[in-house]
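If you want the building blocks of each chain, they are given just below.
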Amino acid sequence: MSIRKNVSKLKLPHNKHTAEMHSTVALPPKEVWLPMSMHSGKDAVPVVEVGDYVRVGQLIAREEGNISSPVHATVSGTVSAIEPIKSMGKEVLAIKIVSDGKMEKDPNLKAPEVNDVDQFLQAVRDSGIVGLGGAAFPTWAKLAACKKSKIHTFLINGAECEPYLTSDTRTMVEDGEYIAKGIEYLRKYVGSEKFVIGIEKNKQEAIKLLEERFQNDNTVKVEELDSIYPQGAKQVLLYNVTGMVQKPGTRLADLGVLIINVTSLAKLAKYMEDGMPLVDRCVTVDGSAVKEPNNFVVPIGTPISYLFELAGGFKEEPGKVIIGGPMMGHAVEDLNEPVVKATGGVLAFNVKEAKVYEPTACIHCGRCVDNCPLSLNPTEYARAMEMSDDQEKLALLKKEQVTLCMQCGCCSYVCPAHRPLVQTNVEAIAFVKKNRAPR
């Protein structure tokens, strides 16, 4: 093992309170809401109607367009509604299933027949698996890069750098067998020659177990990485493990490298064995307002209120509830918002920790630039967004490459003036995309 130089240096309180807690498979909730937009790309399209009876693993929404992902029933029961709900900060169409508590599996499920790369990619496509580290990019679309580029190295992302979250950690500790099987599928059908599992050094149990599992395989290396944020971001992981830099406008595959989240890989291997698509996931429930933090395996679509019930409820009034991690997650107003495919955690913080400070004037200290993993300049983005001339605004944002921002939150975290830098970056990126010249 080796620890490489970091392209980021931000050290956060990691608060991995649940890292040693074995994931608990929960009883299904009374109902689930399954949004059609749980992935990057176009929304899925429902193929069921209100009143239909569905079983676990049954296709209920087909993928749409070049980049999309299907949605499957996560409980058995009756479709009771197909209507818009609030999910991940926007209004999206969703399918509501009232559970019958039986969790009956779709009898048509079976392991996919795979004999070549095209059948492998189709199987991954049918599985509904996406990037489970947060990006939610359809896994089949990522792996399809092997059709055009020679992929010599796979980086398996087990960094899990967000504070509190430990669901990937539990995958590495509990599902090492499936990680190994997933690597074999990638070796066989993508043709990779080298696999590096990048894990932050604060996860010693996972490192030890995976080193033991692959000790006789010289094509698989467990790389111990510094516990810095955002170690799991693709640009940071790429540099810290390989020393390579992905240039703007290029793809990782152009470097002969692909990155896959460790839980996505384990889920892929499970699907190849039994044909059960992505219907559940491990979610960390934690935060200062939570009575009994733990990791729970729940059906996708489970209301987050049910997760807090599983964790014993609140020990004090929550001031803020977040889906995801505290750095890149989003705050929710409605505890009935559902767990989606990329939900790694739900966190509830007490009123004191949730305090929002009033922003003051920028003092031009440079901390935001100094702590940006990509050396971007958030102060310039803020200046641009105050311009009245849209063309001048657009020119400055393009010059300062705002679309490279990965919204990791480092700038907002270190700002002594408490300015909403990452929120401004998000607005700036949206402005650039809206005003992008048509192709």
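Residues numbered from 1 in each chain as written. Predicted model: local features only at pLDDT ≥ 70, side-chain atom pairs only at ≥ 80, totals over all residues. Heavy atoms only, no water.

A. Local environment of the overall build of the protein. Within the protein, the regular secondary structure consists of 13 helices and 17 strands. Projecting the C-alpha coordinates of the protein onto the three principal axes gives extents of approximately 60 × 50 × 50 Å. Among the 439 residues that make up the protein, the fraction classed as buried is 53%. The contacts in the protein between residues at least 6 apart in sequence include a share of 72% that link residues at least 24 apart. Working note: accessible area of the protein is about 20000 Å², and carbon and sulfur atoms make up 49% of it. (Helix = DSSP H or I, 4+ residues; strand = E, 2+ residues; numbered from the N terminus. Buried < 20%, exposed > 50% of the residue type's maximum accessible area, 1.4 Å probe, protein only. Contact = heavy atoms within 4.5 Å. Areas by Shrake-Rupley, 256 points an atom, 1.4 Å probe, with all protein chains shown as cover.)

B. Geometry of the confidence of the model for the protein. Of the residues in the protein, 98% reach a pLDDT of 70 or more, and the chain-wide mean stands at 95. Considering only residues more than four positions removed or in separate chains, one finds that residues 1-5, a stretch of pLDDT under 50, has 17 contacts. (pLDDT = per-residue confidence, 0-100.)

C. Summary view of the nonpolar core. With 64 residues, the main nonpolar core has Ile97, Phe120, Ile179 and Ile197 as its most contacted residues. The element best represented in this core is helix α7 (residues 262-274), accounting for seven residues. Excluding residues that lie within four positions of it along the chain, phenylalanine 120 makes contacts with Val114, Leu143, Tyr185, Leu186, Tyr189, Val190, Leu268 and Met272. Counting residues in hydrophobic clusters, the runner-up holds 17 residues, among them Ile304, Leu307, Ile323 and Val346. (Core = buried A, V, L, I, M, F, W, Y, C linked by side-chain atoms within 4.5 Å.)

D. Just the environment of phenylalanine 195, in detail. Of note, phenylalanine 195 is situated in strand β10 (residues 194-200). The class of phenylalanine 195 is buried, set by a relative accessible area of 0%. In this structure the C-alpha to C-alpha distance between phenylalanine 195 and valine 222, which are 27 residues apart in sequence, comes to 8.6 Å. Other than its neighbours up to four places away in sequence, phenylalanine 195 contacts Phe154, Ile156, Ile183, Leu186, Arg187, Thr219, Val220 and Lys221.

E. Focus on the sheet that holds strand β5 (residues 59-62). Taking strand neighbours across the sheet as the criterion, the three strands line up as β3-β5-β6 in an open arrangement whose pairing is antiparallel. Two strands in the sheet have a free side with no partner beyond their single neighbour: β3 (45-46) and β6 (71-72). Note: β3 against β5, two bridges, orientation antiparallel. Within β5, the position partnered with proline 46 by the bridge is alanine 61. (Pairing = 2+ DSSP bridges.)

F. Layout of the pattern of salt bridges. Tallied over the entire structure, the rule returns 21 salt bridges. The residue arginine 55 makes a salt bridge to glutamate 104 at a minimum N-O spacing of 3.4 Å. Of the two residues, arginine 55 is situated in the loop between β4 (53-54) and β5 and glutamate 104 in the loop between β8 (90-99) and α1 (117-127); the sequence distance between them amounts to 49 residues. Judged by relative accessible area, which is 29%, arginine 55 ranks as partly exposed. Residue classification places glutamate 104 among the partly exposed residues on the basis of a relative accessible area of 29%. Here arginine 383 makes a salt bridge to glutamate 380, at a shortest N to O gap of 3.0 Å. Residue arginine 383 and its partner glutamate 380 are both found in helix α10 (residues 378-385); the two are separated by three residues, about one turn of the helix. A network of salt bridges, in which partner residues are shared, links Glu177, Lys181 and Glu273. (Salt bridge = Lys/Arg side-chain N within 4 Å of Asp/Glu carboxyl O.)

G. Representation of the sheet that holds strand β1 (residues 24-25) in the model. Taken together, the six strands give an open sheet; going across it, the order is β1-β14-β13-β17-β15-β16, and neighbouring strands pair in mixed fashion. Strands with a single pairing partner mark the edges of an open sheet, and in this sheet they are β1 and β16 (330-331). Alignment of β1 against strand β14 (residues 294-299), held across two bridges, turns out to be parallel. Each residue of the ladder has a partner; that of threonine 24, found in β14, is phenylalanine 296.

H. Focus on the side chain of glutamate 337. Within the secondary structure, glutamate 337 sits in the loop between β16 and β17 (345-350). Comment: no salt bridge for buried glutamate 337; closest opposite-charge side chain is lysine 86, at 6.4 Å. Reaching out from glutamate 337, the side chain makes a polar contact with the backbone nitrogen of methionine 88 at a distance of 2.9 Å. Setting aside residues no more than four positions away along its own chain, glutamate 337 makes contact with Lys86, Ser87, Met88, Gly89, Thr302, Pro303, Ile304, Ile323, His330 and Val332. (Lys, Arg positive; Asp, Glu negative; His and termini not counted. Polar contact = N/O pair within 3.5 Å; in protein donor to acceptor, adjacent residues only side chain to side chain.)

I. Region of interest: the pairing of strand β15 (residues 318-323). Note: β15 against β17, five bridges, orientation antiparallel. Across the sheet, the residue bridging to isoleucine 323 is valine 346, located in β17. Pairing of β15 with β16, which is carried by two bridges, proceeds in the antiparallel orientation. What sits directly across from isoleucine 322, in β16, is alanine 331.

J. Representation of the environment of alanine 289. Positionally, alanine 289 belongs in the loop between β13 (280-286) and β14. According to the relative accessible area criterion, alanine 289 is buried, its value standing at 0%. When residues no more than four places from it in sequence are discounted, the contact partners of alanine 289 are Gly313, Phe314, Lys315, Glu316, Pro318, Ala348, Phe349 and Asn350.

K. Examining helix α13 (residues 421-434) more closely. With 14 residues, α13 extends 20 Å from end C-alpha to end C-alpha; this agrees with the ideal 20 Å at 1.5 Å per step. Turning to α13, its buried residues number three or more, namely Leu421, Val422, Thr424, Asn425, Ala428, Ile429, Phe431 and Val432. At its buried positions, α13 is contacted by α9 (367-371), α10, α11 (390-399) and α12 (410-414). (Expected span 1.5 Å × (residues − 1).)

L. Structural detail: the packing of helix α4 (residues 176-189) against α7. Packing of α4 against α7 leaves a shortest axis separation of 8 Å and a crossing angle of 80°. In this view, α4 runs roughly perpendicular relative to α7, as classed from their interaxial angle. For the pair formed by α4 and α7, the contact residues are Tyr178, Ile179, Lys181, Gly182, Ile183, Tyr185 and Leu186 on the first element and Val262, Leu265, Ala266, Leu268, Ala269, Lys270, Met272 and Glu273 on the second. (Axes fitted to C-alpha atoms, helices over the stretch in contact; angles between N-to-C directions. Parallel < 35°, antiparallel > 145°, perpendicular 65-115°, else oblique.)

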